[in-house]
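Report on the structure
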Amino acid sequence: MPVLAGWRLRAWWGLAGGAVLLALWLLWPPRPAPGETLAPQPTLTILIWHWPFTDRPPDLPSDTCTHFGVTNCCLTANRSLLARADVVVFHHRELQMRWARLPLDRRPWGQPWVWASLESPSHTHGLGRLGGIFNWVLSYRRDSDIFVPYGHLEPRTGPPPPPLPAKSGVAAWVVSNFQEQQRRAQLYRQLARHLRVDVFGRAIGRPLCANCLLPTVARYRFYLAFENSQHRDYITEKLWRNALVAGTVPVVLGPPRANYEAFVPPDAFVHVDDFGSTRQLAAFLAGMNETRYQRFFAWRDRLRVRLFSDWRERFCAICARYPHLPRRQVYEDLEGWFQA
Ligand SMILES: *[C@@H]1O[C@H](CO)[C@@H](O)[C@H](O)[C@H]1NC(C)=O
Ligand SMILES: *[C@@H]1O[C@H](CO)[C@@H](O)[C@H](O)[C@H]1NC(C)=O
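The structure reproduced in this document is the subject of the present report. Please read all numbers here as calculations on a predicted model, not as lab measurements.

Let's shift gears to the sheet that holds strand β4 (residues 113-116). In space, the six strands of this open sheet follow the order β2-β1-β3-β4-β5-β6, with parallel pairing throughout. Of all strands in the sheet, those bounded by a partner on one side alone are β2 (73-76) and β6 (146-147). As paired strands, strand β3 (residues 87-91) and β4 are joined by four bridges and run parallel to one another. Residue pairing in the sheet places V88 in a bridge with W113 of β4. Seen against the sheet, helix α9 (residues 311-321) touches β1 (44-48), β2, β3, β4, β5 (136-139) and β6 and runs at an angle of roughly 135° to β2.

Below, the structure written as structure tokens:
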């Protein structure tokens, strides 16, 4: 009897185990969706031809990208690896200044090249001679192959947001490069006729140290997040960091309101175009009551700002996007694309 019972038990366990194995085999590995292939991921080598804004690239240990949640991705600044690199990245500033030259004569056949820049078209020159070379673009433009915004809002998890900093002033502006012909300078001059705006920054001899900017502007209800030039999707750390992270309300000058609303909730900012005149804008800012003011921060209960400011993270994003990037694409008219 015990023998039989033991045999039955084993058979039952065998069946159950078989069913479990069958289920695992059916469910795992996950089936690729139609049109998608699921091949093991080889490690990609991304060669950065010239590190942005410096002759001294950071250390790039092999696990650099895993810190940014990207696996199988190796960043290198070693030009000897040109022939072996899966992708080569060229940052525009160094091409524009002719500190770096394209190794066109040594380019392996079919090697994808990336044009990378976070500057606006107003501050980008020399694109005319770069047509027909690059396969992919890395920029702040949403229609880039590798889209790298200055920041974004992500769902908030964990503890509720910290309380807003106490306010003692109405409006602040930080400007390091003041040029009268810029729209932001003209708008500031008009606004300052009707409203007290406290100005900081190198341009007026009141520079703020790196760690002083946020606590300084946080004491104001509004921050003038005026972009140096107005272009589609060109929304920089002036909005993300100086205003939203600081805990003040951005008054934005940049692309149209609808463009901002693709990035942040409509009630999170004041757009200068919302008003018929700067006098009306000034009256709105100065006459703000506390109830109305708090509404600008409704998003903080469910969202939080994530800043992207590390070039390593931006370059690692190439690997994350790699399987989806269009093959055999060439920007024949890079200037036309970027200036559009
Ligand atoms: C660059 O790569 C080459 C080829 O792998 C290697 O011999 C060389 O040591 C590397 N240089 C540096 C500075 O890592
Ligand atoms: C605050 O301002 C809003 C908008 O201007 C207005 O509708 C509301 O009545 C004001 N509330 C108080 C308490 O003054």
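Structure's up, so let's keep going.
Quick look at unusual backbone geometry now. A positive phi is found at R98, a non-glycine position, where the angle reads about 60°. The topology assignment puts R98 in the loop between α2 (92-96) and β4. The exposure class of R98 is exposed, given its relative accessible area of 54%. One non-glycine residue, R328, lies in positive phi territory at about 60°. Relative to the helices and strands, R328 is located in the loop between α9 and α10 (334-339).

This paragraph deals with the site of ligand 1. Taken together, N78, S80, L81 and R84 make up the full set of residues near ligand 1. The contact in question runs from an oxygen atom of ligand 1 to an N or O atom on the side chain of N78, over 2.3 Å. Contact distances for ligand 1 include 3.2 Å between an oxygen atom and a side-chain N or O atom of R84. Here ligand 1 loses 28% of its free accessible area of 360 Å² to cover by the protein chains. Residue classes in the shell around ligand 1 are distributed as one nonpolar, two polar and one charged.

Summed over all chains, the structure comprises one cavity of 30 Å³ or more. Considering only enclosed or pocket space, the largest cavity measures out at about 30 Å³ in volume. Lining the largest cavity we find W173, V174, V175, R184, Y223, L224, F226 and K238. Residue contributions to the lining of the largest cavity peak at three residues, all from strand β10 (residues 220-226). The class makeup of the residues in the lining of the largest cavity is six nonpolar, no polar and two charged.

Conventions adopted
Residues numbered from 1 in each chain as written. Chains lettered and ligands numbered in written order. Predicted model: local features only at pLDDT ≥ 70, side-chain atom pairs only at ≥ 80, totals over all residues. Heavy atoms only, no water. Pairing = 2+ DSSP bridges. Helix = DSSP H or I, 4+ residues; strand = E, 2+ residues; numbered from the N terminus. Contact = heavy atoms within 4.5 Å. Axes fitted to C-alpha atoms, helices over the stretch in contact; angles between N-to-C directions. Buried < 20%, exposed > 50% of the residue type's maximum accessible area, 1.4 Å probe, protein only. Near = heavy atom within 4 Å. Polar contact = N/O pair within 3.5 Å; in protein donor to acceptor, adjacent residues only side chain to side chain. Areas by Shrake-Rupley, 256 points an atom, 1.4 Å probe, with all protein chains shown as cover. Nonpolar A, V, L, I, M, F, W, Y, C, P; charged D, E, K, R; others polar. 1 Å grid on protein atoms, 1.4 Å probe; cavity = no way out; pocket = protein on both sides within 12 Å on 5 of 7 lines; lining within 4 Å. Points joined across faces, edges and corners; volume = space filled by probe spheres on them.

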